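# Observations on chain architecture
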Amino acid sequence: MQFFTTLIEHYGYVVLFLSLMLELIALPLPGEFLMGYAGVLVFQGKLSWIVSIVMAGVGSCLGMTVSYWIGYKLGHPFFHKYGERIHLGPDRLEKTGIWFNKYGNKLLVIAYFIPGVRHITGYFSGITHIPFRTYVIYAYSGAFIWAGTFISLGKILGPHWDQFHTSIKKYFFIGSVIILLVILYLLKNYKLKIKELIMVGLGKGSQRFHSLRRLKFLIASVAVMFLSFVIFMGSLTENYLNNEFKQFDTTVLTIVPLIFDEQWMHWMKLFSLLASRNVLIPIIISTFLWIITKGKDRRGEIFFLLFVAVGGEIYEEALRRIFHHLQPVHPSLTKHIMYPFPSEQTLTAFILFGFSAYLLVRHSKKAWLKTLTFIAFFIVLWLIGLSRVYLKLQYPSDIVAGYVFGGVWLSLNVLVMELFRFSHRVNKLKG
């Protein structure tokens, strides 16, 4: 790698442009490492952040364009005959074909983050004669996302880039694949339902939202969410017991102080108060009052509000005591916490803010209020988690676990509540 770092230090943008272009024509060049190192040079003031992203993005687009037209002109016969010589043999093309058939053109956006796949997607797109206009939209967008991500991370991490670039690549790959699979699954199985929900969100057909059909879909969606949280919870539990969070925790604890310096201390202390009793208790009271004045099923919703809050406290305390006995606690950070996994603050915040947000979104007829509530919920959770990492109160893995375990409890209660509501409506119709 010393050879490449020397080149980019001396020739900067030219090396960045050419290396990304040549890599995407399938030459074995370390594009992600070079972009990360370019970000380090941006950190040092030797390169411009914007110009680096533009040069890397344009180089990537040019490489993808060349590979597309080569594939388009030469076609299947050439690659089946000579592909093995350039690592583009029938087997590799077949595997890529399976990915494209399964996930569609959207694969072009995240293919850059998948080693081995990004090098042949251009050729495969040309071979299969994907319309060039469609190809350009996805491939070029992915190119700039890819370049911007790794150059920005290099800029943020600075001299720490070399230490963490391998683990960062892994997390981005895993995250990209998960996001793509979730989006594609939803579009494939619930396309019409999603369209209906969007229409409701735009204020059209709001009365249909409360029909039995809509309620069935809502119950199914919450059930899928509950199962997803349970699966994620199982994975986190296994990683915790096998002590596999060290790399993740170290990476996040290194990145956060580099992005948010000491000037953020006052704000982070304020953000951390969002998970305090001084905020959560008023949230419970406000939700209670809102149910009384606006709720559709007052008794049931008040019962579940109390059950979510009180039962959540018992659930959270039991979880942390169980994990405390299963695995020794982490070394203390700024503050010693006897039962750090999962995080009490993020678990409780997810449950209480989540239940309040759910009721508001479910019963509100104003599209802008639904959207604002949804966005505010995720911002609040993000600020709480960020503040606890910044203040070194808990490890990132403890915080993530708090959200996931809280998601299990919240989605379970919402699911049961909606099942009771559904049963009540069916009985009314029969009566």
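Within each chain, residue numbers correspond to sequence positions counted from 1 in written order. Only residues with pLDDT of at least 70 get local features here, since the model is predicted, and only at 80 or more are side-chain atom pairs given and counted; chain-wide, interface and lining totals rely on the full set of residues. Side-chain numbers here rest on the full set of heavy atoms in the structure, without hydrogens or water.

### Examining the overall build of the protein chain
Secondary structure follows DSSP: runs of H or I at least 4 residues long count as helices, runs of E at least 2 residues long count as strands, and numbering of each begins at the N terminus. In terms of helices and strands, the protein chain carries 18 helices and 0 strands. Buried residues in the protein chain amount to 46% of all 431 residues. The contact criterion used throughout is that any non-hydrogen atoms of two residues lie within 4.5 Å. Sequence separation of 24 or more characterises 78% of the internal contacts of the protein chain that already satisfy a separation of 6 or more. Carbon and sulfur atoms form 68% of the exposed surface of the protein chain, whose accessible area is close to 22800 Å². Only protein chains enter the accessibility calculation, which uses a 1.4 Å probe; a residue is then buried when its area is under 20% of its type maximum, exposed when over 50%, and partly exposed in between. Only the protein chains shown count as covering a residue, and every accessible area follows the Shrake-Rupley method with a 1.4 Å probe.

### Let's talk about helix α16 (residues 344-363)
Helix span, as expected, comes to 1.5 Å for every residue beyond the first. If you check α16, its first and last C-alpha atoms are 29 Å apart, about what 20 residues at 1.5 Å a residue would give, namely 28 Å. A large share of α16 lies buried, amounting to 16 of its 20 residues. Here a polar contact is recorded for every N or O atom pair within 3.5 Å, except that within protein the pair must consist of a potential hydrogen donor and a potential acceptor, and residues adjacent in sequence are included only if both atoms are side-chain atoms. Where α16 begins, the capping side chain belongs to Ser-343, and its oxygen is found 3.4 Å from the backbone nitrogen of Gln-345.

### A closer look at unusual backbone geometry
Both trends apply: most residues other than glycine have a negative phi, and most peptide bonds are in trans. Although it is not a glycine, Lys-392 sits at a positive phi angle of roughly 55 degrees. Of note, Lys-392 is situated in the loop between α17 (367-390) and α18 (396-430). Residue Lys-392 is classed as partly exposed on the basis of its relative accessible area of 43%.

### Re the nonpolar core
Core analysis: the largest hydrophobic core is formed by 57 residues, its most contacted members being Tyr-315, Phe-355 and Phe-405. Tallying contributions element by element places α18 first for this core, with 11 residues. If we skip the residues at most four places from it in the chain, Phe-355 touches Glu-301, Phe-304, Leu-305, Val-308, Phe-350, Leu-410, Val-414 and Met-417. Residue types Ala, Val, Leu, Ile, Met, Phe, Trp, Tyr and Cys, when buried and joined through side-chain atoms within 4.5 Å, form a set referred to as a nonpolar core. Core analysis: the next-biggest nonpolar cluster, separate from the first, contains 27 residues, Tyr-68, Leu-108, Ala-143 and Ile-151 among them.

### A few points about the environment of Ile-70
When you line up the elements, Ile-70 lands in helix α4 (residues 49-82). Assessed through its relative accessible area of 29%, Ile-70 is described here as partly exposed. Counting along the chain gives 56 residues from Ile-70 to Gly-126, while the straight-line C-alpha distance between them is 7.1 Å.

### Considering the packing of α16 against α17
Only the stretch in contact is used when a helix axis is fitted, and all axes are lines through C-alpha atoms; the angle between N-to-C directions ranges over 0 to 180 degrees. Interaxial distance between α16 and α17 falls to 10 Å at its minimum, and their mutual angle equals 175 degrees. By the angle between their directions, the pair α16 and α17 is classed as roughly antiparallel. Facing α16, whose interface residues are Gln-345, Thr-346, Ala-349, Phe-350, Phe-353, Gly-354, Ala-357, Leu-360 and Val-361, α17 presents Leu-369, Lys-370, Thr-373, Phe-377, Val-380, Leu-381, Ile-384 and Arg-388. Residue type decides the class: Asp, Glu, Lys and Arg count as charged, Ala, Val, Leu, Ile, Met, Phe, Trp, Tyr, Cys and Pro as nonpolar, and the leftover types, Gly among them, as polar. Taken together, the residues of the contact of α16 with α17 break down into 11 nonpolar, 4 polar and 2 charged. Any angle that falls under 35 degrees is termed roughly parallel, while one over 145 is termed roughly antiparallel, one within 65 to 115 roughly perpendicular, and all others oblique.

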